[in-house]
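Each chain, written out:
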Amino acid sequence: IVITLGAAFLSYAFLNFEATASYLVPILLTPFIIAFSRLKRALTLGGILAAATVDIFISVSLGNAGFGLLLAFFALGVAVDKIKKKYKKSRQREKEPTEKRGDCRDEVQVLANSLVASVCAVLYAVTFKRVFVIAFVASLAEALADTVASGIGVLNPQAFDLFRMKPCKPGISGGMSVLGTASSLLAAMLMAGLACLFGLIDGGEFLLITASAFLGGVFDSFLGSIFQVKYRCTVCGE
């Protein structure tokens, strides 16, 4: 199916080059990314379908630049997930509890990270108002900042719940660490920088998006600390 779709996309691109010049990158790469996601078990089947749908909306709305930013978000997210997976396996060998959810991202996780960005991209295509481009980039930057903070932050030996003013174990919802917070800021800057490179935003918007994405990650930690439910094992106390 992937090969057939790829051949169809290639044929259409070459026959209608002028109409598809702004969409060549997603047309050529999407089939291979789908195959990679399946082979490397980065996404479940539902996750792949959700990601492909998001890909279509963003690519049609923002062309090569929108797809490029989405691809960077996906690649960095997969890399961070692999790091976190290795950490979880090492903790499992030490007989510490691991997350209930599997290592592959499903459709719920995909949409939680990219639905807002997709809506913003479509709204820009309909209205041509620049605020929606800024919101699109900021949404992906915040989602990556949060992913990196949780994936890299667990490597820090210590964490602190800023909103309850008490130390906590790395990986606990609401916990923040120096490594995770710094990584979050760098991820926000990276996504905003790539958006600049792709011509989606300018220098002033870079600063606005970086700050928004980083503060969004901090707010996510606030929600995790105050509102997200936590459980304790009645046997071992974890």
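Computed from a predicted model, the values in this text were never measured in an experiment. The numbers attached to residues start from 1 for each chain and follow its sequence in the written order. Residue-level local features of this predicted model are given only where pLDDT is at least 70; pairs of side-chain atoms are given and counted only at 80 or more, and the full residue set underlies all totals for whole chains, interfaces and linings. Side-chain measures here rest on the full set of heavy atoms in the structure, leaving out hydrogens and waters.

Caption draft 1: Spotlight on the overall build of the protein chain. Secondary structure is summarised from DSSP: a helix means a run of H or I of at least four residues, a strand means a run of E of at least two, and numbering begins at the N terminus for each. Check the secondary structure of the protein chain and you find 8 helices and 2 strands. Accessibility here uses a 1.4 Å probe with only protein chains present; expressed as a share of the type maximum, an area under 20% marks a residue as buried, one over 50% as exposed, and anything in between as partly exposed. Evaluated residue by residue, the protein chain yields a buried proportion of 38% over its 238 residues. Expressed as a percentage of contacts within the protein chain between residues at least 6 apart in sequence, the contacts between residues at least 24 apart total 66%. The accessible surface values rely on the Shrake-Rupley method and a 1.4 Å probe; as for residues, cover is taken only from the protein chains in view. On the protein chain, roughly 13800 Å² of surface is accessible, and the fraction owed to carbon and sulfur atoms is 69%. Throughout, a residue-residue contact means that at least one pair of heavy atoms, one from each residue, lies within 4.5 Å.

Caption draft 2: Main features of unusual backbone geometry. Located in the positive-phi region is F128, a residue other than glycine, with phi close to 60°. Structurally, F128 is set in the loop between α5 (107-127) and α6 (130-153). In this model, M165 sits at a positive phi of 55°, which is unusual for a non-glycine residue. With respect to the helices, strands and loops of the structure, M165 is situated in the loop between β1 (159-161) and β2 (166-168). Judged by relative accessible area, M165 falls into the exposed class, the value being 58%.

Caption draft 3: Just the packing of aromatic side chains, in detail. Here a pair means two rings of Phe, Tyr or Trp (six-membered ring of Trp) with centres within 6.5 Å. Their orientation is stacked below 30 degrees between planes, edge-to-face above 60, and tilted elsewhere. If you walk through the whole model with that rule in mind, you get 4 aromatic pairs. Summarising the aromatic geometry, the rings of F163 and F222 are spaced 5.3 Å apart at their centres and angled 75° between planes, so their arrangement reads as edge-to-face. Pair noted here: F163 is in the loop between β1 and β2 and F222 is in helix α8 (residues 203-226), with a separation of 59 residues, a long-range link. Among the aromatic residues, those joined into a ring-pair cluster are F163, F219, F222 and F227.

Caption draft 4: Geometry of the environment of V126. Relative to the helices and strands, V126 resides in helix α5. In this structure the C-alpha to C-alpha distance between V126 and S61, which are 65 residues apart in sequence, comes to 8.5 Å.

Caption draft 5: Geometry of a nonpolar patch on the surface. Patches here are clusters of residues that have more than 30% relative accessible area and form no salt bridge, with a 9 Å joining cutoff for like charges and a 5 Å cutoff for nonpolar side chains (Val, Leu, Ile, Met, Phe, Trp, Tyr). In what follows, salt bridge is the name for a side-chain nitrogen of Lys or Arg lying within 4 Å of a carboxyl oxygen of Asp or Glu. Taken together, the side chains of V25, L28, L29 and F32 define a hydrophobic patch exposed on the protein surface, amounting to about 340 Å² of accessible area. The residue L28 is located in helix α3 (residues 24-39) in this model.

Caption draft 6: Seen up close, the environment of R232. Here R232 is to be found in the segment after α8. Contact partners of R232, with chain neighbours within four places excluded, come to G237 and E238.

Caption draft 7: How the structure looks around the packing of α5 against α6. In this description, a line fitted to the C-alpha atoms serves as the axis of each element, helices being fitted only across the stretch in contact, and the angle between N-to-C directions of two axes falls anywhere from 0 to 180 degrees. The interhelical angle for the contact between α5 and α6, taken along N-to-C directions, is 170°, at an axis separation of 8 Å. One finds that α5 runs roughly antiparallel with respect to α6. In the packing of α5 onto α6, the handedness of the crossing is left-handed. The segment α5 lies against α6, with N113, V116, A117, C120, A121, L123, Y124 and T127 engaging R130, F132, V133, A135, F136, S139, L140, A143 and T147. By residue class, the composition of the contact of α5 with α6 is 12 nonpolar, 4 polar and 1 charged. With respect to orientation, any angle under 35 degrees is reported as roughly parallel, any angle over 145 as roughly antiparallel, any angle of 65 to 115 as roughly perpendicular, and every other angle as oblique. Handedness of a crossing is defined here by the sense of rotation of the near helix relative to the far one, left-handed for an anticlockwise turn of less than a right angle and right-handed for a clockwise turn. Polar here means any residue other than Ala, Val, Leu, Ile, Met, Phe, Trp, Tyr, Cys and Pro, which are nonpolar, and Asp, Glu, Lys and Arg, which are charged; Gly is therefore polar.

Caption draft 8: Looking closely at the packing of α6 against helix α7 (residues 178-197). Packing of α6 against α7 leaves a shortest axis separation of 8 Å and a crossing angle of 150°. One way to sum up the angle between α6 and α7 is to call them roughly antiparallel. Crossing angle aside, the handedness with which α6 passes α7 is right-handed. Note on element contacts: α7 touches α6 through L179, G180, S183, S184, A187, A188, M191 and A195, opposite V137, L140, A141, L144, A145, V148, A149, I152 and G153. Within the contact of α6 with α7, the residues separate by chemical class into 13 nonpolar, 4 polar and no charged.

Caption draft 9: Layout of a positive patch on the surface. A contiguous patch of positive charge on the surface is contributed by R38, K40, R41, K82 and K89. In this structure, R41 sits in the loop between α3 and α4 (45-93). Charge counting follows a simple rule: Lys and Arg are positive, Asp and Glu are negative, and His as well as the terminal groups are ignored. For the purpose of locating charges, the reference atoms are NZ of Lys, CZ of Arg, CG of Asp and CD of Glu.

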